[in-house]
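Chains, contacts and geometry: an overview
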Amino acid sequence: MTHSATQTPVSRRSKRWTSRRVVAAIAAVGLASTAVLAGCSSGSDGASGTDDPAASDDGGNDSENLNEGDGGDGGPSCADNPDNPLCGSSDTNMQGKSIEFGYSRIGGWPPSSAPEAMWPAFQEYAKGKYGYDVSDLAFAEAPFGELFQKIAPTLASGSNEFNLMIVDSQWLGALSEPGWIVKADDVFALNPELDIEPYSSLVTNTYQVYPDGSGQRWGFPQMPDTQGVFLRKDWLEDPANQAAFKEATGKDLPTTYEEYENIMMDDFIEIVDFFNDPAAGVYGTAMMYSKEYDFFSCAYYPFAYSTGGEIWNPETNDVYGILNSEVNAAAMEKFVGLSEYQPETFATQGIGDMIDLFTQGRAFSAFQWLAVGAFMHNPEAPEGGVASPDQYLAIPLPKFEAPDGEANIIGAMGGQPWVINSFNDDDQMRVAVDFLKWWYLPETQDVFILENGGLPWSKEGAANPAYADIPYLKPFLYMLGEGRSQDFWHLPEYSEMLAVQQEAFNGYATGTVSSAAEALDYSAAKQQEILFNAGRTTVPPPDGTAERTLQ
Amino acid sequence: MSSSSAPASVASRMEDVIPAPVPPRAKSKKTWWSWGLLVPVLVFFILMNVVPTIWMLGLSFYNYTLTSAGDPRFIGMDNYNQLASAGPLWLSLGRTFIFMVLAVAIQTVLGAVVGYLFWKSNKVPGRRLALTLLFTPMILTPLSSGLFWRLMLDPVFGVINYFGELIGLDKIDFTTDATLAFPAVLVVDSWMWIPFMALMTLAALGSVPKAELEAAQVDNLSFWQRLIHVIIPAGKFIIILGILLRTIDVFKTMDLVYLMTNGGPGDRTELIAVALYRLAFKSFNLGYSSALAVLLLFIAIALTSIYLFVLNLRSRREAENA
């Protein structure tokens, strides 16, 4: 017998009254919490930035000292005010101190782990030059798609758990607008030696500037990256393959970098087709179509950019009518059409799959980020795999015919900047600046690039003959040339916008979305809605966008 | 008759039967002890459940995105209005209901069959070991289950396709095929939770009075008659409890789907919990995602209420008859 069966009508009524009182109490507390939130919204705490980062001189920095030495505004320099934390340590102000320090990094991305491996050298440097001890480097890591989730809530709570952060370039807006990171311009103004001349404007526009075109810099380049293709050089140089290709196509099989630097996509596909042999478990190529993070988008963008497509208007923040163009639809059809030369799992392929397929000898070529070049061979690869860098040739992305008829390539930018946590205390801020000064020393960059898979991004670094033997440096620098690559949105809404299009684009690749045009139209409408709701544009999305689902 | 006037032996027997009245001080001590035990649980419950829920409720009336510079802005019912017209979310919700109905139905039926087989095999050697093994999928984390099923279903190196090829079948890409991805997730969820329903069935069968079963046997009732007239009436409330728990749990399915298909291909396996996760922890749209969470909370409460209503039907009927 249950409890209710024994209750008298009076006790039931009494219970109802109790329930009502409970509901009333919950409602009252709900209203109270609403009022508390309202209270929060009426004031601005230390972590709140301004709507327009351009209006913020200190980038929401909560350390009062930081503003005192803003050399960029004509304030005192580090010589006048050596205790300004953004100057880094002086000869005296950190002597004998012991500092705890931590950073965040992208899991499974080796260039992001290099600072930890190199940290003992910095500990020595800090002790020798400034006289302080810095702890072993604490770190938190997560894959590309999850790291932002890890650091954003800690920053929103004003935490200095991560004193320095390696972040993706797309996150600059989301980190700078709420005032969570220090404005790099403020650091450059006080430490001109950190303001290093980049190889091209792509470095500045990708890893440093937000809002786009404003010239305001927030990031410090950590690991630059562009796209390219890795080919099986040993297969290309095999006389049997050369003869068979000649017989099949009547053409010579290109074998050198110079021949491939300007190869057109259709000619390249002919070679891919030649090596494609699914029955033998060998595929012509491998590309990224995964729904994960920005994998599909970044692999697709070169097809669109290079044939005259655009994805948005960065000046007006409009997407609809731009992304959903015929040019972009044709580019997506071409991109997805290449899945015929790839494994059945093509729709889930990401960076790691490219490495595995290529190094295990299951793909003749892989469209890949050049920054993972150090991992495109595996000494323990099975027979037929890529055990040594001598077995592959790294080339820039093949070219497309632009609307003006010229051969053209515009790839997507990869790579990450460093950013400094605004909530660091003064000593941590000094260590962060000291670290960056050490990080950009030529000898430190040598260790990063030659021993830890890094790549140069400065004019000086790119010209360094010590790096000339890196087998993927040439295509990397080619793609880092002016106008040969471009990054996409840095807005705080990037994550929402990316999720929409990744779902739609991947849906087209897997056949759940009827056409490339539909995938693009859906994405454009939803992204326009996101930007309109966020107040970034005055142009509303088309009618019915909210109700619209993927078809 | 007062106890003082009763014979000593009767009085002593009365003392055995009627408990001595508790002195007020002892009663008060007992009450304090009870409260002492209860308070930590209550404090934990209020801090970890009630306060966050109320906070979420409050947040659902705000326009608040963690990564935008603006402070939370009170917008009344706007988030709810926006929810009402959010096509993809309603599609996810509909998909979740379909998933829920299919998963619970499959798990209940197959769980009942497995449970019945175990019940009838109580003299088979190795039954205990088999039971332990049966429950293994249930105690694994959905995260690890999702991961190793994804690997097993992989068309290139997955063991399922390997055996399929051995018997001449073509390779099947279960997790990225537009038609097969949803059933693949459904099968894995069922693999994990059929043992739970088998366990509930065993408990239900164990609750059937032996006398009634023996009487049914004496009356020579067929299997179906015994099932309908004896077993189900006695065990149905435990089964309903199992269905209730599974319904609520399936409604919240997120980790398994996220690991196996990431909601794809396209949005084919995007259940509402995955959509909520994306809104809250990928987009950091906290106001809007709170509104969705509140909506889901009400749906979960409604589902629970329906089942509790059914569960209490018998008690109410008995009370009314009395």
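Residues numbered from 1 in each chain as written. Chains lettered and ligands numbered in written order. Predicted model: local features only at pLDDT ≥ 70, side-chain atom pairs only at ≥ 80, totals over all residues.

Here we look at the overall build of chain A
As a reminder of what qualifies: Elements are defined by DSSP. Helices are runs of H or I of four residues or more, strands are runs of E of two residues or more, and each kind is numbered from the N terminus. The burial label depends on the number of other C-beta atoms within 10 Å of a residue's C-beta. Counts of 20 or more mean buried, 12 or fewer mean exposed, and intermediate counts mean partly exposed, with C-beta atoms placed from the backbone. By definition, residue pairs are in contact when their C-beta atoms, positioned from the backbone, come within 7 Å.
Broken down by element type, chain A carries 20 helices and 14 strands. Across the 551 residues that make up chain A, the buried fraction comes to 50%. Of all intrachain contacts in chain A linking residues separated by at least 6 positions in sequence, the fraction that spans at least 24 positions is 73%.

Details of the overall build of chain B
For the record, the criterion: Only the C-alpha atoms count toward the radius of gyration. The rule for a globule is 2.2 Å times the residue count to the power 0.38.
Looking only at helices and strands, chain B features 14 helices and 2 strands. Against the compact-globule benchmark of 20 Å for 322 residues, chain B has a radius of gyration of 27 Å, which places it well outside the compact range. When the backbone C-alpha atoms are referred to their principal axes, chain B occupies close to 90 × 65 × 35 Å. In chain B, of all internal contacts separated by at least 6 residues, the share reaching a separation of at least 24 is 70%.

As for the domain arrangement of chain B
Residues and elements named next belong to chain B. Inclusion rule: Delimitation of the domains relies on an automatic or database domain assignment. Polarity classes work like this: nonpolar for Ala, Val, Leu, Ile, Met, Phe, Trp, Tyr, Cys and Pro, charged for Asp, Glu, Lys and Arg, and polar for all others, with Gly in that last group.
In terms of domains, chain B is made up of domain 1 (20-74) and domain 2 (80-321). Computed over C-alpha atoms only, the centres of domain 1 and domain 2 are separated by 31 Å. Tallying the contact residues gives 10 residues for domain 1 and 8 residues for domain 2. Mapped onto the side of domain 1 that touches domain 2, the elements with two or more residues apiece are helix H2 (24-59) and strand S1 (62-63). The leading source of residues in the side of domain 1 that touches domain 2 is H2, at 3 residues. Class assignment for the residues of the side of domain 1 that touches domain 2 results in 6 nonpolar, 4 polar and no charged.

With respect to helix H3 (residues 110-130) of chain A
Three- or four-residue spacings in an α-helix give side chains the same orientation, since the helix completes a turn every 3.6 residues. All names here are of chain A. Worth spelling out the cut-off: Here the expected length of a helix is defined as 1.5 Å per residue gap, with one fewer gap than residues. Here the bend at a residue means the angle between the axes of two seven-residue stretches, the one that ends at it and the one that starts at it.
In a regular helix each residue adds 1.5 Å, so 21 residues correspond to 30 Å; H3 covers 29 Å between its end C-alpha atoms and thus fits that length. Trp-119 marks where H3 bends most, by close to 50 degrees; the proline Pro-120 follows one to four residues later. Turning to H3, its buried residues number three or more, namely Pro-111, Ser-112, Ala-114, Pro-115, Ala-126 and Tyr-130. Positioned one or two residues after H3, Gly-131 has a phi angle of 80 degrees, which is positive.

Focus on the domain arrangement of chain A
Interfaces are often described in size by the accessible area the parts lose on coming together. Residues and elements named next belong to chain A. Domain parsing of chain A yields domain 1 (55-224 + 415-475) and domain 2 (227-412). Here the C-alpha centroids of domain 1 and domain 2 sit 33 Å apart. Between domain 1 and domain 2, the contact holds 14 residues from the first and 14 residues from the second. Elements that contribute at least two residues to the side of domain 1 that touches domain 2 include exactly H3, helix H4 (144-156) and helix H18 (473-479). The residue inventory of the side of domain 1 that touches domain 2, partitioned by class, reads 8 nonpolar, 4 polar and 2 charged.

Description of the pairing of strand S7 (residues 227-232) of chain A
All names here are of chain A. Counted only if it meets this: In short, DSSP must find at least two bridges between two strands for them to pair.
Of all the 6 residues making up S7, 6 are buried; the element is thus mostly covered by neighbouring parts of the structure. Side chains of S7 alternate between two faces, with Gln-227, Val-229 and Leu-231 and Gly-228, Phe-230 and Arg-232 buried alike. For S7 and strand S8 (residues 365-369), the ladder comprises 5 bridges, and the chain directions are antiparallel. Its bridge partner being in S8, Val-229 is matched across the sheet by Phe-367. Pairing geometry for S7 and strand S9 (residues 392-396), over 5 bridges, is antiparallel. Counterpart to Gly-228 in the pairing with S9 is Pro-396.

Brief notes about the sheet that holds S9(A)
All names here are of chain A. Spelled out, the test is: Here, axes are lines fitted to C-alpha atoms. For helices the fit covers the stretch in contact, and angles between N-to-C directions go from 0 to 180 degrees.
Spatially, 3 strands are ordered S8-S7-S9 in an open sheet, and the strand pairing comes out antiparallel. Only two strands of the sheet have a single partner each, and these edge strands are S8 and S9. Pairs of neighbouring strands in the sheet enclose a mean axial angle of 30 degrees, with direction left out of account. Running over the sheet, helix H14 (residues 351-359) touches S7 and S8 and is turned about 145 degrees from S8.

Here's the deal with unusual backbone geometry
In this structure, A:Pro211 follows A:Tyr210 across a cis peptide bond, with omega equal to -10 degrees. Relative to the assigned elements, A:Pro211 resides in the loop between helix H7 (201-207) and strand S6 (220-225). Of note, the amide linkage connecting B:Gly264 to B:Pro265 takes the cis form, showing an omega dihedral of 0 degrees. You can see B:Pro265 is positioned in the loop between helix H12 (255-260) and helix H13 (272-282). A positive phi angle, near 55 degrees, is found at B:Asn262, a position not held by glycine. For B:Asn262, the location among the structural elements is in the loop between H12 and H13. Taking the C-beta count within 10 Å as the criterion, B:Asn262 has 21 such neighbours and is therefore assigned buried.

Examining the packing of helix H19 (residues 494-510) of chain A against helix H20 (residues 516-533) of chain A
Residues and elements named next belong to chain A. Note the cut-off: Each angle is binned into one of four classes, with values under 35 degrees roughly parallel, values over 145 roughly antiparallel, values of 65 to 115 roughly perpendicular, and all other values oblique.
Packing of H19 against H20 brings their axes to within 9 Å, and their N-to-C directions diverge by 170 degrees. As far as their axial angle goes, H20 and H19 are roughly antiparallel. Here Glu-496, Met-497, Val-500, Gln-501, Ala-504, Phe-505, Gly-507 and Tyr-508 of H19 come into contact with H20, specifically with Ala-516, Ala-519, Tyr-522, Ser-523, Lys-526, Gln-527 and Ile-530. Taken together, the residues of the contact of H19 with H20 sort by class into 9 nonpolar, 4 polar and 2 charged.

What about the packing of helix H13 (residues 326-337) of chain A against H20(A)?
To characterise two packed helices, one gives the angle between the axes of the helices and the distance between these axes. All names here are of chain A. Quick note on the threshold: Left-handed describes a crossing whose near helix is turned anticlockwise from the far helix through less than a right angle; right-handed describes the clockwise counterpart.
Between H13 and H20, whose axes approach to 8 Å, the crossing angle comes to 125 degrees. Compared by their axis directions, H13 and H20 come out oblique. In the packing of H13 onto H20, the handedness of the crossing is right-handed. Side by side, H13 and H20 meet where Asn-328, Ala-329, Met-332 and Glu-333 of the first sit next to Ala-516, Ala-517, Ala-519 and Leu-520 of the second. Classifying every residue of the contact of H13 with H20 by side-chain character gives 6 nonpolar, 1 polar and 1 charged.

Things to note about the sheet that holds strand S2 (residues 102-106) of chain A
All names here are of chain A. Read from one edge of the open sheet, 5 strands run S4-S2-S5-S13-S6, paired in mixed fashion. The open sheet is flanked by strand S4 (138-142) and S6, the only strands paired with a single partner. Taken pair by pair, the neighbouring strands of this sheet meet at an average axis angle of 15 degrees, ignoring direction. One ladder, built from 2 bridges, connects S2 with strand S5 (residues 164-166); its direction is parallel. What sits directly across from Ser-104, in S5, is Met-165. Packed on one face of the sheet, H4 meets S2, S4 and S5 and runs near 150 degrees to S2.

Focus on the confidence of the model for chain A
All names here are of chain A. Stated formally: Within a predicted model, pLDDT stands for the predictor's per-residue confidence, ranging from 0 to 100.
Of the residues in chain A, 86% have a pLDDT of 70 or more, and the chain-wide mean is 88. Contacts from residues 1-19, a stretch scored under 50 in pLDDT, to residues over four places away or in other chains number 12 contacts. Below a pLDDT of 50 lies the segment residues 36-74, which in the model reaches 95 contacts outside its immediate sequence neighbourhood of four places, other chains included.

A look at the environment of B:Ala322
All names here are of chain B. Considering the arrangement of structural elements, one finds Ala-322 in the segment after helix H14 (286-321). Taking the number of C-beta atoms within 10 Å as the measure of exposure, Ala-322 has 8 and is therefore exposed. Expressed as a C-alpha distance, the spacing of Ala-322 and Met-152, which sit 170 residues apart in the sequence, is 58 Å.

Details of the environment of A:Glu146
All names here are of chain A. Within the fold, Glu-146 resides in helix H4. Classification of Glu-146 as partly exposed rests on a count of 14 C-beta atoms within 10 Å. Sequence separation between Glu-146 and Phe-358 is 212 residues; the distance between their C-alpha atoms is 26 Å.

Here we look at the confidence of the model for chain B
Residues and elements named next belong to chain B. Mean pLDDT over chain B works out to 87, with 91% of the residues at or above the 70 mark. Ranking the elements of chain B by mean pLDDT puts helix H1 (residues 8-17) last, at 54, and helix H9 (residues 181-206) first, at 95. Here residues 1-7 scores under 50 on pLDDT; set against residues more than four positions off or in separate chains, the count is 4 contacts. The ipTM assigned to the predicted complex is 0.73, against a pTM of 0.82.

Describing the nonpolar core
Put simply, the rule reads: As used throughout, a nonpolar core is a set of buried Ala, Val, Leu, Ile, Met, Phe, Trp, Tyr and Cys residues joined through C-beta atoms within 7 Å of each other.
A:Ala299, A:Tyr300, A:Met332, A:Phe358, A:Ala366, A:Tyr508 and A:Ala519 are the most contacted members of the largest nonpolar core, which totals 160 residues. Setting aside residues no more than four positions away along its own chain, A:Ala299 makes contact with A:Met287, A:Met288, A:Tyr289 and A:Phe367.

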